[in-house]
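Structure at a glance
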Amino acid sequence: MTNESSRAAVPDLLHEAGGNRPGAAAEVARATGQAEADVFGVASFFDLLDAGDQKLAVCTGLCCRLRGADEVLSAARAAGLPVREAACLAACDRAPAVLKDRVVLPEVQPAECEEAGDDWLAVRPGAEDEAPWLGTIWPVEADPDHLVLDLAGAIESTGRASRRALELGADGVLDAIEASGLQGRGGAGFPAHIKWRGVAGQAETKRYIVLNADESEPGTFKDREVLLRRPDLVLEGLAIAARAVGASEIYLYLRGEFELPRRTLAAALDAASAAGLYDDLTFHFHAGHGAYICGEETALLEALEGKRGMPRIKPPFPTEIGLWGKPTLIHNVETIACVPSIITRGSEWFAGLGRSGAGTKLYCLSGDVARPGVYEMPLGVTLDELLEAGGGVVGELKAFSPGGASSGFLPATESGRALDFKALAEVDSMLGSAGVVVLNTTRDLKGAALDQLRFFSEESCGQCAPCRIGTRYQHHALSRHLAENGAAKPLEHVARVAHEMTEGSICGLGMTASLPLTSAMRWFPDEFPAADDDGA
Ligand SMILES: Cc1cc2nc3c(=O)[nH]c(=O)nc-3n(C[C@H](O)[C@H](O)[C@H](O)COP(=O)(O)O)c2cc1C
Ligand code: SF4
């Protein structure tokens, strides 16, 4: 084993050795030749390694709490189950969700915990074998049978894109991606072709492709659906990208809780390999071990290298210095899944699908809506249109988060605004991962903001002071404000701290983490009268 590969093996070996149990770090350090302190650092960084014997975890993110997660947690504790709280499990459409080992169980009811006691997991036979998400819609025209059951058939037809890409050649593919106007779906909307050309143009010939399937932003669960329903598109998109930029090794980083999507993707890869589709490529699977920050691309690369997932300072960007210092193209699942149809149907077709921006978009709709789920719609539809597809608001619309926790909250009066990269930036929000969370008029904005602030303060990697201190400060300030019945003082420094966080943080987490509170204060001043008086 090289030092690189022993280092990369550390998280998985820790998982096998019992995570953060006493003695595990020393064992893994001996086996890999790494410093014990470094190995211990990894064991304590990742939630799933640090969880010990608590193999059950109730998601207490905003959407799950809107749908009764607190009751499930209390019932599980009362029943004596070995349970802990978990950050968002990417199941906001099927809340409340519970994690058992590394499988997500949707729509858990408190009674299931009370009735079943220690045997609780037996209440859900088959949960590990079935994809439990058939109620959601992707793509919007398709019926639930769209879930890929005939993998071999799907792969055969998807393989057309690879054949077409070969005809176009690498330059033709790069041109097609540029002409399509494809923007990354992982959050920032960065033009895909710039990254592709960035990697293709490097002098270094060892290059990598990385799939970012760490989906953990509260309110977001679209990548889960793509992986479960169209794993063939993901593999095909990765293969086309790899050949176009001159890479032969592909790393598939899936969050550790995506055990079912991982199995689906692995089955698709087996079927593709049997069909001889990707003989020129090597695919490596990596299951994360529980850390939201590892969705940030450079933190993800650190985690792949077997280290704690702490974001790197950029530049240099991964296209130049990426995995093990080599040029790396890293993309979100949805972005990559767009590639095969761009190649087979053409750039113009794709560009024409969007209303403001190119292509369709997978919008995740959850919270107080009749039919939560993933909706594929033209990029740039409004919340009103999305709600129409999703059966409308349960109750009366008060507020919504347009793009996950990092996008903050907008008021009902913004429901006619395009859900796209530009229009949302105009109101200091963002499309992000398009995790649209809807709140009705019975909901308390302060409570919703508190949930999101708690998430960020727990998920900050702690590397830089403005984020490490700022996220805790904001959470503490709102908690105190609530505890003191709306007193002004606790919120007096919120705006200044938010500014420091935005300006001084290394990565997007710290830059946006105060938005849940500052946006709530901006759009709902009546709920923060005292803070407004202070000019906070
Ligand atoms: C805190 C944070 C979390 C992120 N989480 C994810 C994620 O779970 N999945 C993802 O694809 N991108 C995530 N991103 C964005 C990635 O850093 C990166 O921009 C993306 O993977 C690039 O892919 P794209 O060009 O296809 O969008 C995150 C960014 C930040 C700052
Ligand atoms: S901004 Fe926060 S999450 Fe990002 S590197 Fe700094 S401390 Fe870590």
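Cut-off values and rules
- Just so you know, the residues in each chain are numbered from 1, in the order the chain's sequence is written.
- Ligands are numbered from 1 and chains lettered from A, in the order in which they are written.
- Confidence filtering applies because this is a predicted model: local features only for residues at pLDDT of at least 70, side-chain atom pairs given and counted only at 80 or more, and all residues used for totals across whole chains, interfaces and linings.
- Hydrogen atoms and water are omitted, and side-chain values are computed over all heavy atoms in the structure.
- A run of H or I in DSSP counts as a helix once it spans at least four residues, and a run of E counts as a strand once it spans at least two, with each numbered from the N terminus.
- The classification of residues rests on relative accessible area computed with a 1.4 Å probe and restricted to protein chains. Under 20% of the type maximum is buried, over 50% is exposed, and intermediate values are partly exposed.
- Only heavy atoms matter for contacts: two residues are in contact if any of them lie within 4.5 Å across the pair.
- Exposure was quantified through the Shrake-Rupley algorithm and a 1.4 Å probe, taking into account, for residues, occlusion by the shown protein chains and nothing else.
- The set of buried Ala, Val, Leu, Ile, Met, Phe, Trp, Tyr and Cys residues whose side-chain atoms join them within 4.5 Å is what this entry labels a nonpolar core.
- Residues are classed as near a molecule or strand on a simple rule: at least one heavy atom within 4 Å of it.
- Residue type decides the class: Asp, Glu, Lys and Arg count as charged, Ala, Val, Leu, Ile, Met, Phe, Trp, Tyr, Cys and Pro as nonpolar, and the leftover types, Gly among them, as polar.
- Strands are labelled as partners when DSSP assigns at least two bridges between them.
- Here a polar contact is recorded for every N or O atom pair within 3.5 Å, except that within protein the pair must consist of a potential hydrogen donor and a potential acceptor, and residues adjacent in sequence are included only if both atoms are side-chain atoms.
- A score between 0 and 100, pLDDT records how confident the predictor is in each residue.
- Stacked, edge-to-face and tilted are the three classes for Phe, Tyr and Trp ring pairs, Trp counted by its six-membered ring, which pair at centre distances within 6.5 Å; planes under 30 degrees apart are stacked, over 60 edge-to-face, the rest tilted.
- When the NZ atom of lysine or the CZ atom of arginine is within 6 Å of a ring's centre and also within 35 degrees of its normal, the charge is said to sit over that ring.
- Lines fitted to C-alpha atoms define the axes here, with helix axes fitted over just the stretch in contact, and angles between the N-to-C directions of these axes take values from 0 to 180 degrees.
- The term disulfide is used for any two cysteine sulfur atoms that are within 2.5 Å.

Topic: the overall build of the protein
A count of helical and extended segments in the protein gives 23 helices and 13 strands. Across the 536 residues in the protein, those meeting the buried criterion constitute 60%. Counting only contacts in the protein whose residues sit at least 6 apart along the sequence, the fraction spanning at least 24 positions is 71%. Accessible surface, the protein as shown: approximately 20,500 Å² in total, 51% of it carbon and sulfur.

Description of the nonpolar core
W196, I209, L211, V234, L238, Y278 and F283 are the most contacted members of the largest nonpolar core, which has 75 residues in total. Per-element accounting of this core gives the leading share, 10 residues, to helix 11 (residues 231–245). Those residues in contact with L211, other than ones at most four positions away along the chain, are V234, L238, Y251, L252, Y253, L265, H331, N332, V333 and I336. By size, the runner-up hydrophobic cluster in this structure holds 42 residues, among which are I293, I330, A405 and V497.

Some thoughts on the site of ligand 2
With respect to spatial proximity, 13 residues lie near ligand 2, and among them C461, Q463, C464, C467 and C507 are the closest. Taken together, the residues that form the shell around ligand 2 break down as eight nonpolar, five polar and no charged.

A word on the pairing of strand 10 (residues 373–378)
Of all six residues making up strand 10, five are buried, and the element is well covered by its neighbours. Examined bridge by bridge, strand 9 (residues 360–367) and strand 10 share six bridges and lie antiparallel to one another. Bridging across to strand 10, T360 finds its partner in P378. Between strand 9 and strand 10, which pair antiparallel in sequence order, lie five residues.

With respect to the site of ligand 1
Neighbouring ligand 1 are 19 residues; G186, K195, H331, N332 and T335 lie closest to it. Interatomic distance of 3.4 Å between a backbone N/O atom of E215 and an oxygen atom of ligand 1. Among the secondary structure elements, those contributing two or more residues to the shell around ligand 1 are strand 8 (328–332) and helix 21 (508–512). Examining the composition of the shell around ligand 1, we find that three residues originate from one element, strand 8, more than from any other. For the shell around ligand 1, the residue count by class is four nonpolar, nine polar and six charged.

Brief notes about the confidence of the model for the protein
When pLDDT is averaged along the protein, the result is 90, and 90% of the positions lie at 70 or above. Within the model, pLDDT remains below 50 along residues 119–148, and this stretch shows 75 contacts once partners closer than five positions in the same chain are excluded.

Looking at the packing of aromatic side chains
Enumeration over the complete set of coordinates arrives at nine aromatic pairs. Judged by centre distance (5.7 Å) and plane angle (55 degrees), the ring pair of Y278 and F283 falls under tilted. As far as the burial class goes, Y278 and F283 line up, both buried. One aromatic cluster is present, formed by Y208, Y251 and W324 through successive ring pairs. Looking at R255, its charged tip hangs above the ring of F258, at a distance of 5.8 Å from the centre. Over the face of the ring belonging to F528 we find K446, whose NZ or CZ atom lies 5.2 Å from the ring centre.

Let's talk about the sheet that holds strand 6 (residues 249–254)
Spatially, four strands are ordered 7-6-5-8 in an open sheet, and the strand pairing comes out parallel. Both edges of this open sheet fall to strand 7 (282–287) and strand 8, since each of them pairs with a single strand only. For this sheet the average axis-to-axis angle between neighbouring strands, irrespective of direction, equals 20 degrees. With six bridges connecting them, strand 5 (residues 208–213) and strand 6 associate as parallel partners. Note on strand 6: the bridge partner recorded for Y208 is E249.

Describing the state of the cysteines
Under the definition given, this model contains zero disulfides. Looking at the unpaired C64, the closest cysteine sulfur is the one in C59, lying at 3.6 Å. Taking the relative accessible area as the measure of exposure, C64 reaches 4% and is therefore buried. There is no disulfide at C294, and the cysteine sulfur nearest it, in C461, is 9.2 Å away. On the accessibility criterion, C294 (0% relative accessible area) is buried.

As for helix 2 (residues 24–32)
Taken together, the buried positions of helix 2 are occupied by A24, A25, A26, V28, A29 and T32. Packing partners of the buried residues in helix 2 comprise helix 1 (3–16) and helix 3 (36–45). Just downstream of helix 2, G33 is the residue with a positive phi angle, here 75 degrees.

Remarks on unusual backbone geometry
Cis geometry marks the peptide bond from A95 to P96, where omega comes out at -5 degrees. The residue P96 is located in the loop between strand 2 (83–86) and strand 3 (98–100) in this model. Look at the link from K314 to P315: it is a cis peptide, with omega at -10 degrees. With respect to the secondary-structure elements, P315 resides in the loop between helix 13 (297–304) and strand 8. Positive phi is not limited to glycine here, since A90 has a value of about 60 degrees. Position of A90 relative to the elements: it lies in the loop between strand 2 and strand 3. Unlike most non-glycine residues, N485 shows phi in positive territory, near 55 degrees. You can see N485 is positioned in the loop between helix 19 (465–483) and helix 20 (494–504). Owing to a relative accessible area of 73%, N485 belongs among the exposed residues under this scheme.

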